[in-house]
Amino acid sequence: MSGDGPRPGLDERAVLARQVTAALAAAGHTVATAESLTAGRLAAVLADAPGAGGVFLGGVVAYAAELKTGLLRVDAALVAEQGTVHPEVAAQMAEGVRARTRATYGLATTGAAGPAPHDGRPVGTVHVAVSGPGGTRTASPEPPTDRPADIRGTAVEAALRLLRDQLRPDG
C-alpha cells in the first residue's frame, strides 16, 4: 500500500500528519508549531502521528499579542500596524518558533475563527506559514464555512500541506 493514499478511519489531517512525520524522519528533520487560531490542534494532530516522538519537538499556543512579540519574536511594529491576523505575522511566528526550538521547520497559524472579527479581519480569515532551510512560505486558504471548527480545520490542513510541499524534493 502506498504511503500517500487514504487509510480507513483516518481523516485528511491525520493522513497529512503521517506523511510529514515520515518525510521528516526520513530526512532527519524536526518540526515545532506556533499556534494562535488553532489553539494547539496542529500540535495534537502532529503528536498523534506514528513516529512523532522522533520529529515533533513541541509547540507554543500564543493568543496574546505580547506572547507573539515576546516569545516568538514577531515584530511589535508589524503587530501595531497590521494586527495579529496577517500573513507576515504567521511567517514571523513560524520563524520565531523555529529559532526558539532549533527545529528544522516551524509551522504557524493565525486568523479569525469568530464569533466576531479579530483585529479588523473578518471571521474565516486564515494565514499559515512554514519556515525551514529553504525559506519561509505562507498561505491564506479559504474555509468552506464560517463555523469555527471548519476554520480551524482548514488552518491545520493547510499548514500540514504547506509543510508536506516544502518537504518534497521539488518543494
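Just so you know, these numbers come straight off a predicted model, no measurement behind them. (Residues numbered from 1 in each chain as written. Predicted model: local features only at pLDDT ≥ 70, side-chain atom pairs only at ≥ 80, totals over all residues. Heavy atoms only, no water.)

1. Section: the overall build of the chain
- From N to C terminus, the chain includes six helices and five strands.
- Each helix (α) and strand (β) of the chain, taken in turn from the N terminus, gives the series α-β-α-β-α-α-α-β-β-β-α.
- Overall, the C-alpha framework of the chain stretches about 50 × 35 × 25 Å when taken along its three principal axes.
- By the burial criterion, 47% of the 171 residues in the chain qualify as buried.
- Intrachain contacts of the chain at a sequence separation of at least 6 include 63% that bridge at least 24 residues.
- Looking at the chain as shown, the accessible area adds up to about 7,900 Å², and 51% of this sits on carbon and sulfur atoms.
- When the 16 basic and 17 acidic side-chain charges of the chain are each reduced to a single mean position, those positions are 5 Å apart. (Helix = DSSP H or I, 4+ residues; strand = E, 2+ residues; numbered from the N terminus. Buried < 20%, exposed > 50% of the residue type's maximum accessible area, 1.4 Å probe, protein only. Contact = heavy atoms within 4.5 Å. Areas by Shrake-Rupley, 256 points an atom, 1.4 Å probe, with all protein chains shown as cover. Lys, Arg positive; Asp, Glu negative; His and termini not counted. Charge placed at Lys NZ, Arg CZ, Asp CG, Glu CD.)

2. Focus on the pairing of strand β5 (residues 135–139)
- Across five bridges, strand β4 (residues 126–132) lies against β5 in antiparallel orientation. Directly across from Val 130, in β5, lies its bridge partner Arg 137.
- The antiparallel pairing of β4 with β5 creates a hairpin that spans two residues between the two strands. (Pairing = 2+ DSSP bridges.)

3. Considerations on helix α6 (residues 148–167)
- With 20 residues, α6 extends 29 Å between its outermost C-alpha atoms, agreeing within 8% with the 28 Å of an ideal straight helix rising 1.5 Å per residue.
- α6 sits mainly inside the fold: 15 of its 20 residues count as buried. (Expected span 1.5 Å × (residues − 1).)

4. Quick look at the nonpolar core
- Core analysis: the largest hydrophobic core is formed by 28 residues, its most contacted members being Val 31, Leu 46, Leu 107, Leu 160 and Leu 163.
- Contributing elements (two or more residues each) for this core: α1 (12–27), α2 (41–48), β3 (105–111), β4 and α6.
- Element by element, the count of residues in this core is highest for α6, at nine residues.
- If near-sequence neighbours (up to four positions away) are discounted, Val 31 is found in contact with Leu 24, Leu 46, Val 55, Phe 56, Leu 57, Gly 58, Ala 103, Tyr 105, Leu 107 and Leu 163.
- Ranked by size, the runner-up nonpolar core spans 17 residues in total, among them Ala 32, Val 74, Val 79 and Ala 129. (Core = buried A, V, L, I, M, F, W, Y, C linked by side-chain atoms within 4.5 Å.)

5. Re the sheet that holds strand β1 (residues 31–35)
- The strand order across the open sheet built from five strands is β2-β1-β3-β4-β5, with neighbouring strands paired in mixed fashion. Where the open sheet ends on each side, the last strands, each with one partner, are β2 (56–61) and β5. Across the sheet, the axes of successive neighbouring strands diverge by a mean angle of 15°, strand direction being ignored.
- Relative to the sheet, α2 contacts β1, β2 and β3, its axis offset from that of β1 by approximately 155°. (Axes fitted to C-alpha atoms, helices over the stretch in contact; angles between N-to-C directions.)

6. Overview of the packing of α2 against α6
- Their axes nearest at 9 Å, the elements α2 and α6 cross at an angle of 55°. The angle between α2 and α6 places the two elements in the oblique class. With respect to the hand of their crossing, α2 and α6 are arranged in right-handed fashion. In this structure, α2 uses Arg 41, Leu 42, Val 45 and Leu 46 to contact α6, whose residues at the interface are Arg 152, Val 156, Ala 159 and Leu 160.
- Within the contact of α2 with α6, the residues separate by chemical class into six nonpolar, no polar and two charged. (Parallel < 35°, antiparallel > 145°, perpendicular 65-115°, else oblique. Left-handed = near helix turned anticlockwise from the far one by under 90°. Nonpolar A, V, L, I, M, F, W, Y, C, P; charged D, E, K, R; others polar.)

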